[in-house]
Amino acid sequence: MQRQFRNGPKRRNYPMAKRRFNAPRNVKGIHPSKFINKAIEPEADIPYVPVHSFQDFDLSKQIISNLDYLKYEKPSEIQDKCIPLSLEGKDIIGLANTGTGKTAAFLLPIINKLSRSRDMVSVLILAPTRELAQQIDQEFRNFSAGQKLYSTLVVGGANIGRQIQQIKRGPHVIIGTPGRIKDLIGRRVLRLSNVNTFVLDEADRMCDMGFERDIRSIASEIPRDRQTLCYSATMTDSVKKIVEEFSNNPITISVVKSATNDHIEQDVVHVNDKEHKVETLLEMLSQPEFEKVIVFGETKFGVQRLADRLTKSGIPAEAIHGNKSQSQRERALRNFKNNLVNILVATDVAARGLDIPNVSHVINFDPPKVYDDYVHRIGRTGRAGKTGKALTFVQPRDRN
Ligand code: ADP
Ligand code: MG
């Protein structure tokens, strides 16, 4: 189904089918005052005191030892509150600020369940982007090490033949993006009749990317008496309704402290026009404090052009957007993660969920369409208790 955006800015030559992914949802823009926020001073930050230690949860010895190895000392608030409920088999809608450990909140109880009954294809995890699915897969491997539990990544842009072979081997967990999962169900390669745990990470994003229908059809293949777990930092009322339809009396646990993660210092940068934006960015990025930066742009084309311009000006930058092949996307992200380049220019494809250590700054070169996108973009910094900075470029037309 094609959504209509009558008032959206004019776009050139986008085929209709692709348009839904980038279509603006709010043409009025966000008032610049919403991009300004002081971070909590480190000394004023009162860390959450968890009720449980990881040892208190009914988790297998191997998981506890893996957590120890990964230097997870104590549960974060969302973990503290959701893990016991999840272990009881409850359906959960878990809401917590960016970078506060939602992945472990759903993965640890899943791995614990699997360590007791090692059923094939009994867990399905959906995520909005391939990179996020990949990251969840990596986390699954970290937390489940030594237990001979297997996962398969089922995402678009990757060799489907190999994915089919892997599914046939009978992994315990399938992690993927809705489109490819639905494709493989259609080909009768993937059967979900044994799934007892269904996870929607960043459910709100999947719905506004236009995946709602795919998710409905996937959910209809899974037995109704499953456990359903949904996590995000943001949730609109309409998406919550949809998620509730998939679930059985879900418990909503919200530990969202403020709209944005309060470890992120936020400010605006006034710029006159397009060229001035580029000059300002170049000047900023040549300062040493801008150590590791994600620059968000609006369009795939604009993002690529900006990355090329930076690189030509002596500031090597990688670009990540939907016009690149999957292997190019992966290489760009890897080079940035491994500090081979310090600048990643990205569309919103990188706004959700990605956990890249030590991002010092997020710069919104182009403003986000809606405030929730802003929350997630800047949430790539200030993760796991660290501090970060977010700067948003504001042009005269935005200052009203
Ligand atoms: P979210 O999904 O809430 O944005 P993630 O699950 O990606 O956050 O976690 C953010 C970072 O915090 C990751 O690097 C993760 O390894 C780390 N982390 C999560 N929980 C803990 C914990 N209890 N102790 C230490 N580090 C943690
Ligand atoms: Mg996450």
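The coordinates are above.
Engineer: Requested: an account of the packing of helix H4 (residues 102–116) against helix H5 (residues 130–144), with residues and values cited.
Structural biologist: Interaxial distance between H4 and H5 falls to 10 Å at its minimum, and their mutual angle equals 50°. It follows from the interaxial angle that H4 and H5 lie oblique. Considering the relative orientation of H4 and H5, their crossing is right-handed. Contact residues: Thr103, Ala104, Phe106, Leu107, Leu108, Ile111 and Leu114 in H4; Ile136, Glu139, Phe140, Phe143 and Ser144 in H5.

Engineer: Could you give an account of the sheet that holds strand E9 (residues 293–296), with specific residues and numbers?
Structural biologist: Pairing within the open sheet is parallel, and its six strands lie in the order E8-E13-E12-E9-E11-E10. Each edge of the open sheet is held by one strand with a lone partner, namely strand E8 (264–270) and strand E10 (317–320). Taken over all neighbouring pairs, the strand axes of this sheet differ in orientation by 20° on average, direction set aside. Two elements, strand E12 (residues 361–364) and strand E13 (residues 388–394), share four bridges in a ladder whose sense is parallel. Bridging across to E13, His361 finds its partner in Lys389. Running at roughly 160° to E13, helix H10 (residues 274–285) makes contact with E8, E9, strand E11 (343–346), E12 and E13 of the sheet. Helix-sheet contacts for helix H13 (residues 371–378) involve E8, E9, E12 and E13, and the interaxial angle to E12 is about 150°.

Engineer: Run through H13, naming residues and quoting values.
Structural biologist: Counting buried positions along H13 yields seven of eight residues, so the element is predominantly enclosed. For H13, the set of buried residues is Tyr371, Asp373, Tyr374, Val375, His376, Arg377 and Ile378.

Engineer: Let's hear about the pattern of salt bridges: which residues, and what values?
Structural biologist: The full count for this structure, using the stated rule, is 21 salt bridges. Measuring nitrogen to oxygen at the nearest pair gives 2.9 Å for the salt bridge that ties Glu275 to Arg309. With Glu275 in helix H10 and Arg309 in helix H11 (residues 300–312), the pair connects residues that are 34 residues apart, well separated along the chain. By relative accessible area, Arg309 is classed as partly exposed at 33%. With its nearest N and O atoms 2.6 Å apart, the salt bridge here joins Asp355 to Arg383. Of this pair, Asp355 sits in the loop between E11 and E12 while Arg383 sits in the loop between H13 and E13, and the two are 28 residues apart along the sequence. Classification of Asp355 as partly exposed rests on a relative accessible area of 36%. Each of Glu77, Lys81 and Lys257 takes part in a single network of salt bridges with overlapping partners.

Engineer: Pulling in residues and values, what's your account of the packing of H5 against helix H12 (residues 326–337)?
Structural biologist: Between H5 and H12, the shortest axis-to-axis distance is 11 Å and the interhelical angle comes to 60°. As summarised for this structure, H5 and H12 are arranged oblique, according to the angle between their axes. As for the relative orientation of H5 and H12, their crossing is right-handed in sense. Each of Arg130, Glu131, Gln134 and Gln135 in H5 lies in contact with H12, whose residues at this interface are Gln326, Arg329, Glu330, Leu333 and Lys337. Tallied by class, residues from the contact of H5 with H12 come to one nonpolar, three polar and five charged.

Engineer: How would you summarise the side chain of Thr103 if you had to cite specific residues and measurements?
Structural biologist: With respect to the helices, strands and loops of the structure, Thr103 is situated in helix H4. Judged by its relative accessible area of 18%, Thr103 falls in the buried class. Among all residues touching Thr103, those that are not within four sequence positions of it are Ile136 and Glu139.

Engineer: Pulling in residues and values, what's your account of the site of ligand 1?
Structural biologist: Contacts to ligand 1 come from 15 residues, most closely from Tyr72, Gly99, Lys102, Thr103 and Asp355. Contact between ligand 1 and Gln79: a nitrogen atom at 2.8 Å from a side-chain N or O atom of the residue. At 2.9 Å from an oxygen atom of ligand 1 is found a side-chain nitrogen or oxygen belonging to Arg383. In the complex, 83% of the free accessible area of ligand 1, which totals 570 Å², lies under the protein chains.

Engineer: Would you mind going over unusual backbone geometry in detail, with residue names and values included?
Structural biologist: In this model, Lys71 sits at a positive phi of 65°, which is unusual for a non-glycine residue. Its place among the elements puts Lys71 in the loop between helix H2 (61–69) and helix H3 (77–87). Judged by its relative accessible area of 68%, Lys71 is exposed. If you check the backbone angles, Val121 has positive phi at about 40° while not being a glycine. The topology assignment puts Val121 in the loop between H4 and strand E2 (123–126).

The rules behind these values
- Residues numbered from 1 in each chain as written.
- Chains lettered and ligands numbered in written order.
- Predicted model: local features only at pLDDT ≥ 70, side-chain atom pairs only at ≥ 80, totals over all residues.
- Heavy atoms only, no water.
- Axes fitted to C-alpha atoms, helices over the stretch in contact; angles between N-to-C directions.
- Helix = DSSP H or I, 4+ residues; strand = E, 2+ residues; numbered from the N terminus.
- Parallel < 35°, antiparallel > 145°, perpendicular 65-115°, else oblique.
- Left-handed = near helix turned anticlockwise from the far one by under 90°.
- Contact = heavy atoms within 4.5 Å.
- Pairing = 2+ DSSP bridges.
- Buried < 20%, exposed > 50% of the residue type's maximum accessible area, 1.4 Å probe, protein only.
- Salt bridge = Lys/Arg side-chain N within 4 Å of Asp/Glu carboxyl O.
- Nonpolar A, V, L, I, M, F, W, Y, C, P; charged D, E, K, R; others polar.
- Near = heavy atom within 4 Å.
- Polar contact = N/O pair within 3.5 Å; in protein donor to acceptor, adjacent residues only side chain to side chain.
- Areas by Shrake-Rupley, 256 points an atom, 1.4 Å probe, with all protein chains shown as cover.

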